[in-house]
Amino acid sequence: MNRQIANLWVDMDNQHKNQVRIHGILSNAHRQAARVALSFDFPFYGHYLRQIIIATGGFIYMGEITHRMLTATQYVAPLMANFDPSFSKNSTVRYLDNGNLFVVQWDKVRLKDREAAGPFTFQAALHKNGTIVFNYKDIPLPVEEINSTEHPLKVGLSDAFMGYLPTSQPSEAKRRNIYEYHRVAIDTTKIVSGSAFEFTPLPTCLQHTSCDLCLTSNLTSGCGWCNTLQRCSDGIDRHRQEWLDYNCLEEVRLITISHKREMSSFTSPPNNGMTENTAIIAGVVAALVLLVALTLLAVYYINTHPTVAPPFYLMQRRTNNYWPSMKFRNQGCHSSYAEVELGGHEKEGFIEAEQCC
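Residues numbered from 1 in each chain as written. Predicted model: local features only at pLDDT ≥ 70, side-chain atom pairs only at ≥ 80, totals over all residues. Heavy atoms only, no water.

In the annotation of an unreviewed UniProt entry, the entry for the chain reads Plexin domain containing 1, and the organism field reads Oreochromis niloticus. Word for word, the UniProt comment on the chain under Sequence similarities (unreviewed entry) is "Belongs to the plexin family." Per UniProt, the chain has the following entry under Subcellular location (unreviewed entry): "Membrane". (UniProt positions renumbered as here; feature names shortened; annotations may be inferred.)

Right, dumping it as structure tokens:
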């Protein structure tokens, strides 16, 4: 292990004892998940989270609404696989929270029905600034050889938004679907003992708190401002349904037109004696105005035509031009998880009919 990677590993044994906890239930369970509160707001795809759900299967669920198919999306997965901490007394799931860093360590865990392959030890570290680090101390066999039949095998990040399906009758209950809008998948052949991956968050539209910053910031592109919600967004985040419900698409269109007119007025040439330098500056500004207008128009078009794939979808595996809709059923899913509470009871969330994974 080189020095740079070694510095990323968080040695739990050398931390203050009051900051490290062994989760008793998860350390003695299989396919269980438990909610844990964070001591700080963690930015995930621009959304600030104060609680997460740790799963025995080598991942953290980052969604706000729980269901039995936590493996589908909205995860931070250093190594999502069919781990069974209950197999050995030496296997533990523990976590650290020091106010600036939250780390989950799956320590000496073994694969279900393949325990002889050896123990796995790895971490997921969530930094207060949004950086995420995957650390791998012991990986006893090639990850690509892990069976994914009984449990999904994933390494990476994912987020999604919830949308309501239209109903034919006003009296019908609204059906909720989850739409994955972004995924980062790591090449599993790169995961070996002593390896590490670091993810640095990019700026998002959600971080802008004013209309001016939203429309002019050089840090982001494709953002629109909704006065009703006092929010900057490109319409593709966890708040998408609210963005639609409050008619923010129309507000973005009107604000874009107004902004374009203001900029056009600013670049209007004087009636007499325009110098050559002034003409050049006016031309540059006009070109920028056109670029901004076209960008905002593209955002409006994408938001009003949800089957059109925006550019960032090139970063995820897709086989069609539609958002992948996650639908789950309550029976027959091998990779279902039960969330444990203080009383040890299962907590049911919403379940949609159809496919398992």
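A. Focus on the overall build of the chain. Secondary structure summary: the chain contains five helices and 16 strands in total. Out of the 357 residues belonging to the chain, those deemed buried represent 48%. Long-range contacts, defined here as pairs at least 24 residues apart, represent 63% of the contacts in the chain between residues at least 6 apart. (Helix = DSSP H or I, 4+ residues; strand = E, 2+ residues; numbered from the N terminus. Buried < 20%, exposed > 50% of the residue type's maximum accessible area, 1.4 Å probe, protein only. Contact = heavy atoms within 4.5 Å.)

B. Focus on the environment of Ala 6. Looking at the element boundaries, Ala 6 is found in helix H1 (residues 3–8). Residues Ala 6 and Gly 194, spaced 188 residues apart in sequence, show a C-alpha to C-alpha distance of 7.7 Å.

C. Highlighting the side chain of Gln 241. With respect to the helices and strands, the residue Gln 241 is situated in helix H3 (residues 240–245). In this view, Gln 241 contacts Met 162, Gly 163 and Tyr 164; residues no more than four positions away in its chain are not counted.

D. How the structure looks around the sheet that holds strand E7 (residues 101–109). Read across the open sheet, the six strands follow the order E1-E6-E7-E8-E9-E12; overall the sheet is antiparallel. With partners counted over all chains shown, the strands left at the sheet margins are strand E1 (20–22) and strand E12 (196–199), one partner each. Taking each pair of neighbouring strands and ignoring which way they run, the sheet shows an average axis angle of 15 degrees. Relative to strand E6 (residues 92–97), E1 runs antiparallel, the two being bridged by three bridges. (Pairing = 2+ DSSP bridges. Axes fitted to C-alpha atoms, helices over the stretch in contact; angles between N-to-C directions.)

E. Geometry of the packing of aromatic side chains. Inspection of every chain in the model, using the stated rule, returns 12 aromatic pairs. Put simply, the rings of Phe 83, Trp 106, Phe 120, Phe 122, Tyr 136 and Phe 197 pair up and form one aromatic cluster. (Phe/Tyr/Trp six-rings, centres within 6.5 Å; stacked < 30°, edge-to-face > 60°.)

F. Molecular detail of unusual backbone geometry. Positive phi, normally seen in glycine, also occurs at Gln 74, with a value near 55 degrees. Here Gln 74 lies in the loop between strand E4 (59–61) and strand E5 (75–80). Gln 74 sits in the buried class, given a relative accessible area of 8%. One non-glycine residue, Asn 247, adopts positive backbone phi at about 55 degrees. Examined against the element boundaries, Asn 247 turns out to sit in the loop between H3 and helix H4 (248–266).

G. Focus on the pairing of E6. Buried residues dominate E6, accounting for six of its six residues. The alternating pattern of E6 places Thr 92, Arg 94 and Leu 96 on one face and Val 93, Tyr 95 and Asp 97 on the opposite face, and all of these are buried. Of the strand pairs in this sheet, E6 and E7 are connected by six bridges, and their pairing is antiparallel. Paired with Asp 97 across the bridge in E7 is Phe 102. The hairpin formed by E6 and E7 contains three residues between the paired strands, and Gly 99 there has a positive phi angle of roughly 95 degrees.

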